[in-house]
Amino acid sequence: MCRSLLTFVRGTHQVSSRKTRRLLDKSKTFHVACGVAICIFSVVHVSAHLVNVINFSVSYSDDFPALNFARYKGEDPKLIILTTIPGVTGVLLVLILFLMFTSSSYCVRISNYEIFWYTHNLFIVFYIILMVHMVGGALKYQTNLEAHPPGCLIANQSNTEQQGEELEQHEDEERRCREEAHFQPHCPQTWIWVSGPLCLYCAERFYRYIRSSDPVTIVTVVRHPCDVIELRMLKKNFKARPGQYIVLNCPGVSSFENHPFTLTASGSHSCYFLSRGSTWRLYVDGPFGSPSEEVFNYDVSLCVAGGIGVTPFACVLNALLDGWTAFRLQRLYFVWVCRELQSFYWFAELLCALHHKLWKENRPDYFNLKLYVSQADSLQSMSEEKYQPLTSRLLVGRPRWKLLLDEIGRTNKHKRVGVFCCGPKGISRTLHRLCNSARSSGTTFEFNKESFS
């Protein structure tokens with residue numbers, strides 16, 4: 001996963017197509033698909049070699065001892081595997097691949113992220129062993145095809161009587177072998193295919209290491225409701241676009257773990273994340289591109305947030321507060337769903353400030369806000385007078401997504417609406433399905449899901 005390279009390509013003027021940028025946002029999906037494909041074809045590859053090992057043992061021939069991987073007829077296949085370079089390296093590759101595949105499951109990543117992280121970095125060992133895998137010479141090719149063409153006849157083969165009859169019947173010298181067949185192992189070529197991507201990845205990791213080593217100054221630590229902490233940080237030569245995210249490393253917890261956190265303001269370089277400590281030393285890597293950058297590239301956008309998933313869109317709202325006229329975006333629908341009412345206080349002031357700004361500039365239709373609180377038991381009104389614009393837009397329950405999209409479709413007929421989601425999988429799946437449904441209004445909904453690689 002070359003995040004810096006993807007972010008660079010995404011931000012270049014050459015990648016002007018929205019479709020191309022959306023493909024780049026699928027890099028994590030592509031990464032997972034490649035991993036699954038490697039596992040599937042590895043199973044096929046290993047199965048074929050296991051059958052081959054049995055055939056080497058059962059069908060051992062004294063006529064071509066150099067070609068057969070077994071040392072004698074009836075040799076134990078397990079012995080062949082455990083006493084040869086291709087066999088031992090093959091077992092190690094299967095073991096590493098199994099650990100990487102199983103630890104990549106959702107349940108392992110959620111319950112114990114460290115297991116996923118450390119086993120996933122075994123890919124370095126995997127590549128090294130893979131390049132050694134071919135050294136044993138299990139696959140061979142014939143070097144003297146002219147002197148010993150396929151199908152030629154030699155007099156000293158087994159079943160000499162039949163061979164002699166065939167030689168008498170065929171006078172053509174071309175059918176006779178001039179010498180015995182010679183075989184040579186294939187020259188290892190795995191490094192040709194592996195070295196390029198591996199060098200590119202190593203170069204990027206080195207670049208990211210140098211960049212993340214720059215000191216970070218924590219300016220302010222703000223504690224918000226529901227155990228959310230806001231860090232406002234300053235870093236030299238740090239520039240970010242609205243919608244991007246960073247990767248934080250805290251050596252006090254682990255020197256090798258890196259976790260993504262969303263930037264909530266591209267100017268002040270602050271980010272929201274769940275934490276209980278604020279005195280650790282931090283390393284910041286990034287920023288990296290995300291689908292939320294595309295919010296401004298539509299005439300109409302719908303941003304849907306679930307709980308803390310609002311953070312990618314906070315940076316978007318901050319950018320609009322600085323000046324909305326510089327963007328292509330003409331209308332923004334913003335839906336935020338939370339379990340507790342207190343969660344809305346994270347960005348209550350920002351939402352109110354943007355509301356007042358647009359009303360003063362005579363564009364109240366530019367920003368359409370809906371807030372949903374799903375737990376009605378703990379419902380309390382936002383009684384503060386400064387939060388009055390939010391109180392009138394606060395609803396109890398869950399959004400009826402189909403009705404919401406139908407309403408947006410009727411209001412924006414024959415337009416392309418960008419739908420951006422950061423929240424629980426249930427909301428993402430529902431929106432994705434509805435966006436793919438045809439609509440009578442002629443409105444096209446393009447689904448973009450926030451996914452941190």
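Structure's up top.
The present account deals with the structure reproduced in this document. Along each chain, residues carry numbers from 1 onward, in the same order as the chain's sequence is written. A pLDDT threshold of at least 70 governs which residues receive local features in this predicted model, and a stricter bar of 80 or more applies before side-chain atom pairs are shown or counted, although totals over entire chains, interfaces and linings include all residues. Computation of side-chain values: all heavy atoms of the structure, hydrogens and water removed.

## Digging into the sheet that holds strand E14 (residues 444-449)
No. 1: Judged by pairing direction, the sheet is parallel, and its six strands sit side by side in the order E12-E11-E10-E9-E13-E14 without closing on themselves. The open sheet has two edge strands, strand E12 (394-396) and E14, and neither has a second partner. With strand direction ignored, the average angle separating the axes of adjacent strands in the sheet is 20°.
No. 2: Here a strand pair is declared whenever DSSP counts at least two bridges between the two strands. Numbered from the N terminus, helices here are DSSP runs of H or I no shorter than four residues, and strands are runs of E no shorter than two. The pairing of strand E11 (residues 367-373) with E12 spans three bridges and is classified as parallel. Directly across from Val373, in E12, lies its bridge partner Val396.
No. 3: Residue contacts are defined here by distance: any two heavy atoms, one from each residue, within 4.5 Å place the two residues in contact. Inter-axis angles, ranging from 0 to 180 degrees, are taken between N-to-C directions of lines fitted to C-alpha atoms, where helices are fitted over the stretch in contact. Contacting strand E9 (300-306), strand E13 (416-422) and E14, helix H15 (residues 425-435) runs over the sheet at an angle of about 150° to E14.

## Section: the pairing of E9
Regular strands show a simple pattern: their side chains alternate between the two faces of the sheet.
No. 1: Burial here depends on accessible area, computed with a 1.4 Å probe over protein chains only, as a share of the maximum for the residue type. Under 20% is buried, over 50% is exposed, and the range in between is partly exposed. Across the seven residues that make up E9, a large majority, seven, are buried.
No. 2: Going residue by residue along E9, you find Val300, Leu302, Val304 and Gly306 tucked away on one face and Ser301, Cys303 and Ala305 tucked away on the opposite face as well.
No. 3: Across seven bridges, the pairing between E9 and strand E10 (residues 331-338) is parallel. Along E10, the bridge assignment pairs Leu302 with Tyr333.
No. 4: Once you follow E9 into helix H11 (residues 311-322) and on to E10, the crossover reads as right-handed.
No. 5: Where E9 lies against E13, six bridges are found, and the strand directions are parallel. The residue bridging Cys303 from the neighbouring strand is Phe420, located in E13. Place the viewer so that the strands point away; then a crossover is right-handed whenever the path from the first strand over the helix to the second strand goes clockwise.

## Quick word on the nonpolar core
Inside soluble globular proteins, nonpolar side chains tend to come together where they are buried.
No. 1: Counting 40 residues, the largest nonpolar core has Phe334, Trp336, Leu351 and Phe367 as the members making the most contacts within it.
No. 2: For this core, the secondary structure elements donating two or more residues are E9, H11, E10, helix H12 (348-360), E11 and E13.
No. 3: Not counting chain neighbours up to four residues away, the residues in contact with Leu351 comprise Leu317, Phe334, Trp336, Phe367, Leu369, Leu371 and Leu390.
No. 4: Within the second largest apolar cluster, 20 residues are counted, among which are Val300, Cys421, Cys435 and Phe447. What makes a nonpolar core is a set of buried Ala, Val, Leu, Ile, Met, Phe, Trp, Tyr and Cys residues whose side-chain atoms join them at distances within 4.5 Å.

## A word on the pattern of salt bridges
Side chains that carry opposite charge are capable of pairing whenever their charged atoms lie near each other.
No. 1: The working definition used for a salt bridge is a side-chain nitrogen of Lys or Arg within 4 Å of a carboxyl oxygen of Asp or Glu. Scanning the entire structure with this criterion turns up 13 salt bridges.
No. 2: Here Arg208 makes a salt bridge to Asp285, at a shortest N to O gap of 2.5 Å. Of the two residues, Arg208 is situated in helix H10 (residues 190-212) and Asp285 in strand E8 (residues 283-288); the sequence distance between them amounts to 77 residues. The pair formed by Arg208 and Asp285 is uniform in burial state, with each residue classed as buried.
No. 3: The partner of Lys357 in a salt bridge is Glu361, and the shortest N-O contact between them spans 3.1 Å.
No. 4: A single salt-bridge network, built from bridges that share partners, covers Glu204, Arg208, Arg211 and Asp285.

## Here we look at the side chain of Thr443
No. 1: Tracing the backbone shows Thr443 in the loop between H15 and E14.
No. 2: Overall, the relative accessible area of 6% leaves Thr443 in the buried class.
No. 3: Whenever two N or O atoms come within 3.5 Å, that pair is a polar contact, provided that in protein one can donate a hydrogen and the other can accept it, and provided that, for residues adjacent in sequence, both atoms are side-chain atoms. Engagement of the side chain of Thr443 in a polar contact is seen with the backbone oxygen of Gly409, the distance being 3.0 Å.
No. 4: There is a polar contact of 2.8 Å between the side chain of Thr443 and the backbone oxygen of Asn412.
No. 5: Thr443 has contacts with Gly409, Asn412, Lys413, His414, Lys415 and Val417, leaving out every residue within four places of it along the chain.

## Description of a nonpolar patch on the surface
No. 1: Residues enter patches when they are more than 30% accessible in relative terms and free of salt bridges; like-charged ones are connected within 9 Å and nonpolar ones (Val, Leu, Ile, Met, Phe, Trp, Tyr) within 5 Å. Using the Shrake-Rupley algorithm and a 1.4 Å probe, accessible areas are obtained, with residue cover drawn only from the displayed protein chains. A cluster of nonpolar side chains, contributed by Ile85, Ile124, Val125, Ile128, Val132 and Val135, occupies part of the molecular surface with about 480 Å² of accessible area.
No. 2: Ranked by residues supplied to the nonpolar patch, first place goes to helix H8 (residues 123-133) with four residues.
No. 3: Within the secondary structure layout, Ile128 lies in helix H8.

## As for the packing of helix H14 (residues 401-411) against H15
No. 1: At a closest axis distance of 10 Å, the pairing of H14 and H15 adopts a crossing angle of 45°. If you check the angle between H14 and H15, you find them oblique. Crossing angle aside, the handedness with which H14 passes H15 is right-handed. Side by side, H14 and H15 meet where Trp401, Lys402 and Leu405 of the first sit next to Ile427, Thr430, Leu431, Leu434 and Cys435 of the second.
No. 2: Residues are grouped as follows: Ala, Val, Leu, Ile, Met, Phe, Trp, Tyr, Cys and Pro are nonpolar; Asp, Glu, Lys and Arg are charged; all remaining types, including Gly, are polar. The class makeup of the residues in the contact of H14 with H15 is six nonpolar, one polar and one charged. To sort the angles, those under 35 degrees are grouped as roughly parallel, those over 145 as roughly antiparallel, those from 65 to 115 as roughly perpendicular, and the leftovers as oblique. In this scheme the handedness of a crossing depends on how the near helix is turned from the far one: anticlockwise by less than a right angle means left-handed, clockwise means right-handed.

## Things to note about the packing of aromatic side chains
No. 1: Only the six-membered ring of Trp is used, alongside the rings of Phe and Tyr, when aromatic pairs are assigned; centres must lie within 6.5 Å, and planes under 30 degrees apart are stacked while those over 60 apart are edge-to-face, with the rest tilted. Applying the stated criterion across every chain yields a total of 12 aromatic pairs.
No. 2: On the numbers, 5.7 Å between centres and 45° between planes, the contact of Tyr245 with Phe288 is tilted. In this pair, Tyr245 sits in strand E5 (residues 245-249) while Phe288 sits in strand E8, placing the two residues 43 residues apart along the sequence.
No. 3: Overall, the relative accessible area of 2% leaves Tyr245 in the buried class.
No. 4: The class of Phe288 is buried, set by a relative accessible area of 0%.
No. 5: When the ring of Trp336 is compared with that of Phe347, the centres are 6.3 Å apart and the planes differ by 50°; the resulting orientation is tilted. Taken together, the residues Trp336 in strand E10 and Phe347 in the loop between E10 and H12 connect sequence positions 11 residues apart. Here Trp336 and Phe347 have matching classes, each one buried.
No. 6: Taken together through their ring pairs, the aromatic side chains of Phe123, Phe126, Tyr127 and Tyr201 make up a single cluster.
No. 7: The side chain of Lys425 reaches across the aromatic face of Tyr106, ending 4.4 Å from its centre. Remark: a charge is flagged as sitting over a ring if the NZ atom of Lys or the CZ atom of Arg is within 6 Å of the ring centre and within 35 degrees of the ring normal.

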